[in-house]
Amino acid sequence: MMQEVSSQSVDSDYRRADASADKGASAKLAATKKMTKSEIIEWAAHKKNIDWTFSNQRALVKKYPNKSIAVYNCEVIADADTVGELLQAVDLLSIPRSKTFIKFMDADPAPIIPSTLYESYD
């Protein structure tokens, strides 16, 4: 059974977050998770890499079909056939693994079935 969360508690969490000077996602996360300033900066940089990767996914799949890529500072810094090889390449560059975003560029992804085709079994 799922635990119910009151809309009041969720609303108050977001009100606290919105009270921050920066009303972006970083500030909301910091307000609800009590992150340090350095954690906020690191999280924002990681999110930027994720957003960049998904924004450029078509071009990246064309350039790196069926490869794993490592993204750092909105740039592909390494690619490889396996994640193990990719991590070795990242390590050779002396970039902390925790600061890279790794994604497999699937040249032939499975189709997504719309949720409207599923029946609800709640």
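Details of the structure are given in the entry above.
Residues numbered from 1 in each chain as written. Predicted model: local features only at pLDDT ≥ 70, side-chain atom pairs only at ≥ 80, totals over all residues. Heavy atoms only, no water.

Some points on helix α5 (residues 83-92)
Within α5, burial applies to L86, L87 and V90. Angular distribution of buried residues about the axis of α5 spans 100°; they occupy a single face of the element. For α5, the exposed residues lying more than 90 degrees away from the buried face are Q88 and L92. Packing partners of the buried residues in α5 comprise β1 (67-71), β2 (76-80) and β3 (101-105). Trailing α5 by a residue or two, S94 shows a phi angle of about 60°, which is positive. (Buried < 20%, exposed > 50% of the residue type's maximum accessible area, 1.4 Å probe, protein only. Helix = DSSP H or I, 4+ residues; strand = E, 2+ residues; numbered from the N terminus. Arc of directions from axis to C-beta. Contact = heavy atoms within 4.5 Å.)

Concerning the nonpolar core
Within the largest apolar cluster, eight residues are counted, these being L60, V61, Y64, I69, V71, V76, F101 and M105. Of all the secondary structure elements, the ones that give two or more residues to this core are α4 (57-63), β1 and β3. Excluding its chain neighbours within four sequence positions, the residues that come into contact with Y64 are I69, V76, D79 and M105. One finds A78, A80, V90 and I95 within the second-largest nonpolar core, a separate group that totals six residues. (Core = buried A, V, L, I, M, F, W, Y, C linked by side-chain atoms within 4.5 Å.)

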